[in-house]
Amino acid sequence: GYGFVKWTGDTATVANIYSASTTLTMPAATAAVTATYAQLFTLTVTSGSGDGSYAQGAVVPIAADAPAAGFVFDKWTGDTANVANVNSASTTVTMPGANVSVTATYAPLFTLTVNSGTGDGSYRQEVVVNIVADVPAFGFAFSRWIGDTATVANVNSANTTVTMPAAAVTV
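Here we summarise the structure given alongside this text. (Residues numbered from 1 in each chain as written. Predicted model: local features only at pLDDT ≥ 70, side-chain atom pairs only at ≥ 80, totals over all residues. Heavy atoms only, no water.)

This brings us to the overall build of the chain. Assigned secondary structure in the chain consists of zero helices and 13 strands. Secondary structure elements of the chain, listed N to C terminal, follow the sequence β-β-β-β-β-β-β-β-β-β-β-β-β. Each of the three principal axes of the chain carries a C-alpha extent, and together these read 95 × 30 × 25 Å. Expressed as a percentage of the 171 residues in the chain, the buried residues total 21%. Expressed as a percentage of contacts within the chain between residues at least 6 apart in sequence, the contacts between residues at least 24 apart total 47%. If you sum the accessible surface of the chain, you get close to 9900 Å²; carbon and sulfur atoms cover 54% of it. Each charge class in the chain was averaged separately, 4 positive and 9 negative side chains, and the resulting centres sit 6 Å apart. (Helix = DSSP H or I, 4+ residues; strand = E, 2+ residues; numbered from the N terminus. Buried < 20%, exposed > 50% of the residue type's maximum accessible area, 1.4 Å probe, protein only. Contact = heavy atoms within 4.5 Å. Areas by Shrake-Rupley, 256 points an atom, 1.4 Å probe, with all protein chains shown as cover. Lys, Arg positive; Asp, Glu negative; His and termini not counted. Charge placed at Lys NZ, Arg CZ, Asp CG, Glu CD.)

Written out as structure tokens, the structure reads:
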């Protein structure tokens, strides 16, 4: 349950004090170095990378796996108190004096289709998307948005927003 942490003592000529296997260039005097150890704690990363055994205080990079088609990384769940940014697919965990288990979660994407305007794309639920009607032909004026308008902020405005529901939207 313990692992190497670093070399201490006369380390001025140690190549890498954090590597258990390193070299010491002998100085012109006696040198004494000591390997130090600490209790290791397990980091379990589900749907991502960074698993391993680490000492308390270690800053460990974690990364979510690539999302499946039609999904996007959402957030880290589980023991997230020591996760630097739960909303970032690539972040770090500062190991506490305990085992940690985190899981990368994913959210579905829903399609927004804007006919005669801009704003098309794939978006997560609750994302607010700006939509803008195309400039009308000479002699015409914008009238209103039609179609799936339940989440359109103002159906009478050529420049408005859609709050994405958990479904595809066409306006």
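The next subject is the pairing of strand 11 (residues 128-133). Covered by surrounding structure in strand 11 are Val129, Ile131 and Ala133 only, the residues Val128, Asn130 and Val132 on the alternate face being uncovered. With five bridges connecting them, strand 11 and strand 12 (residues 159-163) associate as antiparallel partners. Directly across from valine 128, in strand 12, lies its bridge partner threonine 163. (Pairing = 2+ DSSP bridges.)

We now examine the pattern of salt bridges. Pairs may arise between side chains of opposite charge once their charged atoms sit close together. All told, the structure shown has one salt bridge when counted by the stated rule. The partner of aspartate 74 in a salt bridge is arginine 124, with the nearest N and O atoms 2.8 Å apart. Of this pair, aspartate 74 sits in strand 6 (residues 71-78) while arginine 124 is found in strand 10 (residues 121-124), placing the two residues 50 residues apart along the sequence. By relative accessible area, which is 30% here, arginine 124 ends up partly exposed. (Salt bridge = Lys/Arg side-chain N within 4 Å of Asp/Glu carboxyl O.)

Right, let's talk about the nonpolar core for a bit. Leu43, Ile62, Trp76, Met95 and Val102 are the most contacted members of the largest nonpolar core, which totals 14 residues. For this core, the elements supplying multiple residues, two or more each, are strand 2 (33-46), strand 5 (59-64), strand 6 and strand 8 (100-113). (Core = buried A, V, L, I, M, F, W, Y, C linked by side-chain atoms within 4.5 Å.)

Here the focus is unusual backbone geometry. In most cases, non-glycine residues show a negative phi, while peptide bonds are predominantly trans. Even without being a glycine, serine 47 presents a positive backbone phi close to 65°. Tracing the backbone through its elements, the reader meets serine 47 in the loop between strand 2 and strand 3 (48-49). Overall, the relative accessible area of 31% leaves serine 47 in the partly exposed class. Positive phi is not limited to glycine here, since serine 116 has a value of about 60°. Its place among the elements puts serine 116 in the loop between strand 8 and strand 9 (117-118).

Another aspect to go through is the sheet that holds strand 9. Taking strand neighbours across the sheet as the criterion, the three strands line up as 9-11-12 in an open arrangement whose pairing is antiparallel. Two strands lie at the open edges of the sheet, namely strand 9 and strand 12, each paired on one side alone. Across two bridges, strand 9 lies against strand 11 in antiparallel orientation. For glycine 117, the partnering residue across the bridge sits in strand 11 and is alanine 133.

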